[in-house]
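Structural overview for review
Residue strings, one per chain:
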Amino acid sequence: MTISFKKYVLTLLCLIPVLLMQGCSWFELKKEEEAPKTPIVSVYGQTLYKEDFGDSYIYKQMLEYDSLKATPAYVDDWVTQQLILNAAKTSLPASKLDEIDKLVKKYREDLTIANYQAFYIDEVEKKIDSNVTDQQIKIYYEKNKSNFKLTEPILEARFAILTRDIDNDVFNELKQLMGKKKLNDKETFEMKDILLSFAVEYDVSFNKWYNLKELTSKFNGLKKPTKNKFKPTSYQSFDTKYRYLYFIEDKKDFGETAPIIYVKDIITKVILNKRRQQKLDNLKNELYKQAILKKQYTVYE
């Protein structure tokens, strides 16, 4: 049976951790002196030891599935793996084996670098300035407005989803309170009291934007504002479970620039990511400087 080179490489890469643990490494690794191990089986010069079982993730999975059959099944899989591996080594052309060695070397280098960068970023996170001011967000927004064109309509809205047992007078009082642009302390308390008593979900804060799909999924019978000149308006509806009350203060259509408040979280993440990237760039420059100072960096013409 012929195993395609691509499948073989993928299989080999998946087996690297197992081979390293079992002493069947493709890399030349220094090993400290170990206590004598108990051999179980050998195949073409490679030996599986009893002590290797405890370090094997595959074996642990087999134990959970069937503890009685785990050991013989693991040994059988290991033997099959070694037989195929030996057949591949002896059958594949030397050029293919060299290519595999290069792939494995590149994989090891990429994995090492990725782990180092992750470690470095973790250390950076402890020191990086995570505070992003409104002024910094505004500056980035103004410079990059063209990147914030809407791909779907959004609405500035306030809403409340209420239980059906709310009294009509209370419902109308809530509607009146939610319709006001500004509330005094007493009115704020009254509105909160009604919401806490009857609302299953609500958001009555101003300058809160939602995409149209998000709102229509919440409300039964929500009417899509027309593209004509928009006027703030209120809607109310009900179904068998709830009564709905929502106010649409403004809208933005597809292709318009998103309000800064709508993209504030995105901009914050971008700014923080830029700070992280700057730290990585600084690391790269520092490593160059160190290599030059230590005379470990030479460019040959």
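Analysis parameters
- Each chain has its residues counted from 1, running along the sequence as written.
- Selection of residues for local features in this predicted model requires a pLDDT of at least 70, selection of side-chain atom pairs for listing and counting requires 80 or more, and totals for whole chains, interfaces and linings are taken over all residues.
- No hydrogens and no water enter the side-chain calculation; it runs on all heavy atoms of the structure.
- Note on definitions: angles span 0 to 180 degrees between N-to-C directions of axes, and those axes are lines fitted to C-alpha atoms, for helices only across the stretch in contact.
- The numbering of helices and of strands both runs from the N terminus, where a helix is a DSSP run of H or I of at least 4 residues and a strand a run of E of at least 2.
- Roughly parallel means an angle under 35 degrees; roughly antiparallel, over 145; roughly perpendicular, 65 to 115; everything else is oblique.
- By the definition used in this description, the sense in which the near helix is turned from the far one sets the handedness, with an anticlockwise turn below a right angle giving left-handed and a clockwise turn giving right-handed.
- The contact rule is simple, with two residues in contact once any of their heavy atoms fall within 4.5 Å.
- Residue type decides the class: Asp, Glu, Lys and Arg count as charged, Ala, Val, Leu, Ile, Met, Phe, Trp, Tyr, Cys and Pro as nonpolar, and the leftover types, Gly among them, as polar.
- Salt bridges are defined by distance alone: a side-chain nitrogen of Lys or Arg within 4 Å of a carboxyl oxygen of Asp or Glu.
- For the exposure calls, accessible area comes from a 1.4 Å probe over protein chains only, and a residue counts as buried if that area is under 20% of its type's maximum, exposed if over 50%, partly exposed in between.
- Working definition of a nonpolar core: buried Ala, Val, Leu, Ile, Met, Phe, Trp, Tyr and Cys residues. They are joined through side-chain atoms within 4.5 Å.
- Note on scores: pLDDT gives the predictor's confidence for each residue, bounded by 0 and 100.

**Some points on the packing of helix α6 (residues 168-178) against helix α7 (residues 185-198)**
Taken N-terminus to C-terminus, the directions of α6 and α7 make an angle of 130°; their axes are 10 Å apart at the nearest point. It follows from the interaxial angle that α6 and α7 lie oblique. Note on packing geometry: the crossing formed by α6 with α7 is left-handed. Residues V170, E173, L174, L177 and M178 of α6 form the contact with α7, whose own contacting residues are E187, E190, M191, I194, L195 and F198. Taken together, the residues of the contact of α6 with α7 break down into eight nonpolar, no polar and three charged.

**Thoughts on the pattern of salt bridges**
Tallied over the entire structure, the rule returns nine salt bridges. Between K208 and D203 there is a salt bridge, with its nearest N and O atoms 2.7 Å apart. Judged by its relative accessible area of 14%, D203 falls in the buried class. Here K251 ties to D253 by a salt bridge, and the two come within 2.8 Å at their closest N and O atoms. The exposure class assigned to K251 is buried, which follows from its relative accessible area of 11%. Salt bridges sharing partners connect three or more residues here, namely R158, K181 and E249.

**Digging into the nonpolar core**
Proteins that are soluble and globular tend to have nonpolar side chains buried together. By size, the foremost hydrophobic cluster in this structure holds 14 residues, and its most contacted members are A160, L162, L174, M178, M191, L195 and L245. Elements with a contribution of two residues or more to this core: β3 (154-163), α6, α7 and β7 (242-252). Sort the elements by how many residues they give to this core and α6 lands first, with four residues. Contact partners of A160, with chain neighbours within four places excluded, come to L174, M178, L195, E201, Y202, R243, Y244 and L245. Core analysis: the next-biggest nonpolar cluster, separate from the first, contains 13 residues, Y140, Y141, L150 and A258 among them.

**Thoughts on the confidence of the model for the chain**
For the chain, per-residue confidence averages 82 on the pLDDT scale, and 79% of positions sit at 70 or higher. Ranking the elements of the chain by mean pLDDT puts helix α1 (residues 5-22) last with 46 and helix α5 (residues 134-143) first with 96. Here residues 1-31 is a poorly scored stretch, pLDDT under 50, and it has 53 contacts once near neighbours within four places are set aside; other chains count.

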